[in-house]
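What follows is each chain in one-letter form.
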Amino acid sequence: MYRGGNDGQAIDRAGAAFSGAASPHSEPVLEMSFRVDRYDFAAAGEAASKIKQVLRQLGMAPELVRRAAVAAYEAEMNLVIHSEGGQILLRVDTEKVTLVACDGGPGMPDVSLAMREGYSTAPDEIREMGFGAGMGLPNMKRCSDSFSIESEVGRGTTVTAAIRIA
Amino acid sequence: MKLADIRELIGAEVLVGEDKLSTVEIEMACGSDLISDVLAFCHDKTLLCTGLVSAQVVRTAEIAGLSTIIFVRGKRPDESVIEMGKAAGIPMLATDLPMFETCGLLYGAGVGGICLGADGSRRGDVG
Ligand SMILES: Nc1ncnc2c1ncn2[C@@H]1O[C@H](COP(=O)(O)OP(=O)(O)OP(=O)(O)O)[C@@H](O)[C@H]1O
Ligand SMILES: [Mg+2]
C-alpha cells in the first residue's frame, strides 16, 4: 500500500503487489493524489500525464492506460476550467483503476444536463483554447466501466470513474 | 504514408522530429479544433491536423497517444510548446494551408479517416 508523492520505488513495490499472487480482496495497491488549481493552464494536464505514466509503469494494458489517461485529463481540465480548484485521486487495486475528481465548488445545478453531449457553459476565451465542446463528461463515462457524479451547488462536485482491470 | 512524404505533400515546415520523418508511418488522420473531440474519436497513432497551438494540444496528443501534430492555417506554436513536443517525442509540422485543404490532400494521398459507428463510437479500435 502506497500513499501520495511521486516515489518511484513505491510504484515498483505497488507494481509487484499488483502483478503478484492475485489477492481475493480489492486492497488498494496504490493511491496518489494531485492538486489541481483553477485556471492554471500551464500545469493543466500534468496530473493526467503522471497518471498515465504510473499506470504504464504498473504494466497495465495500453488500452486501459489510454482510457484512464483520457478520463483523468477530462476530469483535470474540468477542475481547471469549471471549478474553484480541487483534487484528483488515483486508486489502483487488484480489480480496478479508480479516479476521483473532487472540488469545493461551485457545484452543478443540473447533473443530467451537464452530462448531455454538447452542453457546455465554457466562456468564449475557453472555447478558443479548444475546450467547451461539452464532451468531457460523456467522454469520461465512455472510458469507464462505472461512472458517477455527486454535486451540490455551493458545496462542490465529486466525479468518480472506475475502469475494471480485465 | 511516411511523414517525409506528408511534409512534401503539404509543404510543411518541420518544428519537431526531423529525425523521425523517414521512420514514422501514418495510416490515419483527423482534423479538429476541439480537444474533447480528439480525445473521443482519435485512435492512438493518429495524425492530428489542428489550428490550436496551445500547450494543451501537446498534452492531448500525449494523453491520446497521437503520432504527429500538424498545425494548419500558418499557425505556429510558441517556443515553449515546441519544447513540450520535443520532450514528449511527438513530431510537429506546420503548414500555411487551411484545415480543409490539408485534410483533403492527406485523404487524397490515401491516409484514412477515423471510422465512427452510427452511435459515434469508434470502430476497429487499436488495442
Ligand atoms: N467540476 C465541475 N464543477 C462545476 N461544473 C462543472 C464541473 N465539471 C463540469 N461542469 C459543468 O458541466 C458542463 C459539461 O462538462 P463537460 O466536461 O462535459 O464539457 P465542457 O468542459 O464544457 O467541454 P469539453 O469537456 O468538451 O471541453 C460544463 O460546461 C460545466 O458547466
Ligand atoms: Mg470538460
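Numbers given for residues are sequential positions, taken from 1 along each chain in its written order. Working convention: letters from A go to chains and numbers from 1 go to ligands, in the order in which they are written. Given that this is a predicted model, residues contribute local features only at a pLDDT of at least 70 and side-chain atom pairs are listed and counted only at 80 or more, while totals for whole chains, interfaces and linings are drawn from all residues. Side-chain metrics rest on all non-hydrogen atoms present in the structure, leaving aside hydrogens and water.

Novice: If you had to explain the site of ligand 1 to someone new, which residues and values would you point to?
Specialist: To be near a molecule or strand, a residue needs just one of its heavy atoms within 4 Å of it. Neighbouring residues of ligand 1: 20 residues in total, closest His82, Ser120, Thr121, Gly132 and Met135 of chain A. Per-site note: the chains with residues close to ligand 1 are chains A and B. Nitrogen and oxygen atoms within 3.5 Å of one another constitute a polar contact, given that in protein one can donate a hydrogen and the other can accept it, and given that sequence-neighbouring residues count only through two side-chain atoms. Within the contact set of ligand 1, a nitrogen atom lies 2.9 Å away from a side-chain nitrogen or oxygen of Asp103 of chain A. Secondary-structure elements contributing two or more residues to the shell around ligand 1 are helix 3 (62-82) and helix 6 (136-143) of chain A. Nonpolar residues are Ala, Val, Leu, Ile, Met, Phe, Trp, Tyr, Cys and Pro. Charged residues are Asp, Glu, Lys and Arg, and all others, Gly as well, are polar. A class-by-class count of the residues in the shell around ligand 1 yields 8 nonpolar, 10 polar and 2 charged. Working definition: helices are DSSP H or I runs of at least four residues, strands are E runs of at least two. Numbering for both runs from the N terminus.

Novice: Tell me what's going on with the environment of Gln56 of chain B, and back it up with residues and numbers.
Specialist: On the secondary structure map, Gln56 of chain B appears in helix 3 (residues 55-64). Each C-alpha atom, one on Gln56 of chain B and one on Val81 of chain B, is 8.8 Å from the other, the two residues being 25 residues apart in sequence. Any two residues having at least one pair of non-hydrogen atoms within 4.5 Å are treated as being in contact. Not counting residues within four places of it along the chain, the set of residues in contact with Gln56 of chain B comprises Phe41, Ala44, Tyr73, Met77 and Phe131 of chain A together with Ile35 of chain B. Reaching out from Gln56 of chain B, the side chain makes a polar contact with the backbone oxygen of Phe41 of chain A at a distance of 3.0 Å.

Novice: Lay out the sheet that holds strand 5 (residues 92-94) of chain B with the relevant residues and their values.
Specialist: Residue and element names in this part refer to chain B. Pairing is mixed across the open sheet formed by 5 strands, whose spatial order is 1-5-4-3-2. Each of the sheet's edge strands pairs with one partner strand only, and the pair in question is strand 1 (13-16) and strand 2 (29-31). Strand-to-strand twist in this sheet, taken as the mean axis angle between neighbours without regard to direction, amounts to 20 degrees. Packed onto the sheet, helix 3 meets strand 3 (47-50), strand 4 (68-71) and strand 5 and runs at close to 150 degrees relative to strand 4. Here the rule is simple: two strands pair whenever DSSP picks up at least two bridges between them. Interaxial angle, 0 to 180 degrees, is taken between N-to-C directions of lines fitted to C-alpha atoms, where a helix line uses only the stretch in contact.

Novice: Quick one: what's the story with the packing of helix 3 of chain A against helix 6 of chain A, residue by residue and with numbers?
Specialist: Residues and elements named next belong to chain A. Remark: helix 3 packs on helix 6, axes separated minimally by 9 Å, with the N-to-C direction vectors making an angle of 155 degrees. Taken together, the axes of helix 3 and helix 6 are roughly antiparallel relative to one another. As helix 3 runs across helix 6, the sense of the crossing is left-handed. Contacts between helix 3 and helix 6 involve Arg67, Val70, Ala71, Glu74, Ala75 and Asn78 on the former and, on the latter, Gly136, Leu137, Asn139, Met140 and Cys143. A breakdown of the residues in the contact of helix 3 with helix 6 according to their chemical character gives 6 nonpolar, 3 polar and 2 charged. For classification purposes, an angle smaller than 35 degrees is called roughly parallel, one larger than 145 roughly antiparallel, one from 65 to 115 roughly perpendicular, and anything else oblique. Should the near helix be turned anticlockwise from the far one by less than a right angle, the crossing is left-handed, and should it be turned clockwise, the crossing is right-handed.

Novice: Describe the state of the cysteines, with residues and values.
Specialist: Cysteine sulfur pairs qualify as disulfides if the two atoms are within 2.5 Å. Throughout the structure, instances matching the rule amount to 1 disulfide over all chains. Linked covalently through their sulfurs, Cys30 of chain B and Cys42 of chain B form a disulfide whose S-S length is 2.4 Å. Note on the Cys30 of chain B and Cys42 of chain B pair: the S-S dihedral is about 75 degrees, so by sign convention the disulfide is right-handed. Placement of the pair is Cys30 of chain B in strand 2 and Cys42 of chain B in the loop between helix 2 (35-41) and strand 3, with a sequence separation of 12 residues. Taken individually, Cys30 of chain B and Cys42 of chain B each receive the classification buried, so the pair is uniform in this respect. No disulfide involves Cys102 of chain A; its nearest neighbouring cysteine sulfur is the one of Cys143 of chain A, lying 20 Å away. Taking relative accessible area as the criterion, Cys102 of chain A reaches 30% and is therefore assigned partly exposed. Buried residues are those whose accessible area, probed at 1.4 Å on protein chains only, stays under 20% of the maximum for their type, while exposed residues exceed 50% and partly exposed ones sit between those limits.

By themselves, these are just geometric observations and shouldn't be taken as functional.
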